[in-house]
Amino acid sequence: MLKEILGLVAVSAENAFLQVTVFVGAVLLLFGYIDYILSGRLVQRIGAAKKLQPVIGAILGLTPGCGGAIFVMPLFPRGIVSFGTVIATLLVTMGDSAFVLISVMPKQWILVSIISFFVAIGVGYLVDLTPIGDRLLEKYQETQQKKAKARRAHEEIDHGIFESQTGISHDDWAHIGHDEGDDIDLALHHGSKGHQAVNTFAYKATHRGHVIYWVIISLGLVLGIMDLFQVDLNTLIIPNLGLIFGVVGTAVSVGLMILGKKFIADDNHEEAEMKLASLKETFIHNAQETAFVGTWVFVAYFVYELFVLLLGSGSYLAGEIAITNFLSQTGLMAVIIGTLVGVIPGCGPQIIFVTLFTRGLVPFSALLANALSQDGDALFPLIAIDKRSAVWATIVNTIPALLVGLLAYWIEMSFF
């Protein structure tokens, strides 16, 4: 059994890296470069377009990854955007799991995005018709008045981390959605977790070794494309080339994720600002983000393969048959589970759920419910700024996610 399990680890590593991770890296780098070129212009103009804010929020949330949605969150406590805009942004956001779906099933990603986009806009405008946003804003402002001492503490804080990583002086640091020294700045930057000291091995490995990782991704992308065209990579000039490269690529991804201290969430507001400020930081942090996604995809692949093997008592075929029979009877439960998994903040659990969909383990309706329910890493900035608003955002998002998921399930069962 141990030999079979080790075999599953190797196969899962190969498939995860060559079938998903390399394509995720390419797509993520493309969108990262586009974000850098645009430099957050849409975010900066959102405050002036009051009537279109839920639409603009949905557009920002629709972009793969968490960057666009992350930038919207601090705008609400400042009163720049409505709570309905926050809801629309979070509803349409799929976080890094979108990269998995784009790489493996692009048609399904387009369909999910279209449905989520219109649901998000409708719910966003509906929420703005209620007083919930105004009440949350009043509560937040009352709380901040009691924390006025925090602003005075800002003068004693070292701002060297941004300048050392981007090469941009602190005076030229253009914040997005908040001002230097305010409570949002303290929560998003000086209170953020996961910073690496510049003199540590982890920092040097992630900020210098990203070049090597992108070389591995580039070579893997060539092999991944060959694999798409049904070329047997393990029978080429170098024996077991696909297996070796896949295992090495996944191992490097896991190592990079650990060194970057990214386990459940892979992005925060400060790093998103850094990527917009510096192309080098875009490459560095997108490498870490690719490694994060690749690691979680590997975990999902291995857990799935191991589950099938154990379910079949050592027979993989028997396990697959048992899963098929189970899903045919419990598809409705998968919708509920997908919604509940989406409630969990962070991209890791969502990547696993979406990966299970690509493996045929959950129906499309469950994927749709999860896509609407989940917020990726975008909820973390709101949690840091105002936990009350974050809780209400989660509650409000869960309701349409479950309803739309159940409706989609009924349509699947009735017409397909």
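Let me begin by describing the structure that accompanies this report.

So, how was this worked out
Residues numbered from 1 in each chain as written. Predicted model: local features only at pLDDT ≥ 70, side-chain atom pairs only at ≥ 80, totals over all residues. Heavy atoms only, no water. Helix = DSSP H or I, 4+ residues; strand = E, 2+ residues; numbered from the N terminus. Buried < 20%, exposed > 50% of the residue type's maximum accessible area, 1.4 Å probe, protein only. Contact = heavy atoms within 4.5 Å. Areas by Shrake-Rupley, 256 points an atom, 1.4 Å probe, with all protein chains shown as cover. Patch = residues over 30% accessible without salt bridge, like charges linked within 9 Å, V, L, I, M, F, W, Y side chains within 5 Å. Salt bridge = Lys/Arg side-chain N within 4 Å of Asp/Glu carboxyl O. Core = buried A, V, L, I, M, F, W, Y, C linked by side-chain atoms within 4.5 Å. Phe/Tyr/Trp six-rings, centres within 6.5 Å; stacked < 30°, edge-to-face > 60°. Lys NZ or Arg CZ within 6 Å of the ring centre and 35° of its normal. Polar contact = N/O pair within 3.5 Å; in protein donor to acceptor, adjacent residues only side chain to side chain. Lys, Arg positive; Asp, Glu negative; His and termini not counted. Charge placed at Lys NZ, Arg CZ, Asp CG, Glu CD. Axes fitted to C-alpha atoms, helices over the stretch in contact; angles between N-to-C directions. Parallel < 35°, antiparallel > 145°, perpendicular 65-115°, else oblique. Left-handed = near helix turned anticlockwise from the far one by under 90°. Nonpolar A, V, L, I, M, F, W, Y, C, P; charged D, E, K, R; others polar.

If you tally the helices and strands in the protein, you get 21 helices and 0 strands. Burial statistics for the protein: of 416 residues in total, 54% are counted as buried. A fraction of 79% describes how many contacts in the protein between residues 6 or more apart in sequence connect residues 24 or more apart. Of the roughly 18,700 Å² that the protein leaves accessible, carbon and sulfur atoms contribute 68%.

Further remarks concern a nonpolar patch on the surface. Taken together, Val-391, Trp-392, Ile-395, Ile-399 and Leu-403 make up a surface patch of nonpolar side chains, about 480 Å² in accessible area. Positionally, Ile-395 belongs in helix α21 (residues 387-415).

Grouped together as the largest cluster of nonpolar side chains are 80 residues, with contacts concentrated most on Phe-83, Val-86, Ile-87, Met-94, Leu-101, Val-297 and Ile-351. It is helix α16 (residues 279-311) that provides the largest number of residues to this core, a total of 9 residues. Grouped together as the second largest cluster of nonpolar side chains are 15 residues, Leu-18, Ile-217, Leu-223 and Leu-241 included.

This paragraph deals with the packing of aromatic side chains. For the coordinates displayed, the defined rule picks out 7 aromatic pairs. When the centroid spacing of 5.5 Å and the interplanar angle of 80° are considered together, the rings of Phe-117 and Phe-118 count as edge-to-face. Aromatic side chains Tyr-213 and Trp-214 sit 6.4 Å apart centroid to centroid with 55° between the ring planes, which places their arrangement in the tilted category. With relative accessibility at 1%, the residue Tyr-213 sits in the buried group. The buried category is assigned to Trp-214, whose relative accessible area is 10%. A cation over a ring is seen here: Arg-359 above Tyr-301, with NZ or CZ 4.3 Å from the ring centre.

Relative to the assigned elements, His-285 resides in helix α16. Looking at His-285, the relative accessible area reads 6%, which means it is buried. One polar contact links His-285 to Glu-281, side chain to side chain, over a distance of 2.8 Å.

Take a negative patch on the surface next. Judged by side-chain charge, Asp-128, Asp-134, Glu-138 and Glu-142 come together as a negatively charged surface patch. Counting residues per element, the negative patch draws most heavily on helix α8 (residues 132-145), which supplies 3 residues. Locating Asp-128 in the fold gives a position in helix α7 (residues 106-128).

This part covers the packing of α7 against helix α19 (residues 364-373). The relative placement of two packed helices is expressed as an angle between their axes plus a distance between the axes. Taken N-terminus to C-terminus, the directions of α7 and α19 make an angle of 50°; their axes are 10 Å apart at the nearest point. Judged on the interaxial angle alone, α19 and α7 are oblique. As for how α7 packs across α19, the hand of that crossing is right-handed. Taking contact as the criterion, the partners of Gln-108, Leu-111, Val-112, Ile-115, Ser-116 and Val-119 in α7 are, on α19, Phe-364, Leu-367, Leu-368, Ala-371 and Leu-372. Grouping the constituent residues of the contact of α7 with α19 by class yields 9 nonpolar, 2 polar and no charged.

What follows covers the pattern of salt bridges. Here the structure, examined in full by the defined rule, presents 1 salt bridge. Of the charged contacts, one joins Glu-305 and Arg-359 as a salt bridge, the two residues approaching to 2.2 Å between their closest N and O atoms. Here Arg-359 lies in the loop between α18 (348-358) and α19 and Glu-305 lies in helix α16, a separation of 54 residues in the sequence. Among the residues examined, Glu-305 registers a relative accessible area of 10% and is labelled buried.

Within the secondary structure layout, Thr-143 lies in helix α8. Among the residues examined, Thr-143 registers a relative accessible area of 28% and is labelled partly exposed. For the pair Thr-143 and Asp-386, spaced 243 residues apart in sequence, the C-alpha separation works out to 9.3 Å.

Within helix α5 (residues 83-92), 10 of the 10 residues are buried, which leaves it mostly tucked inside the rest of the structure. When we look at burial in α5, the residues that qualify are Phe-83, Gly-84, Thr-85, Val-86, Ile-87, Ala-88, Thr-89, Leu-90, Leu-91 and Val-92.

Here the focus is the environment of Ala-205. By the secondary structure assignment, Ala-205 is in helix α12 (residues 201-208). Taking the C-alpha atoms as reference points, Ala-205 and Gly-255, 50 residues apart in sequence, are found 9.7 Å from one another. If sequence neighbours within four positions are ignored, Ala-205 has contacts with His-210 and Leu-259.

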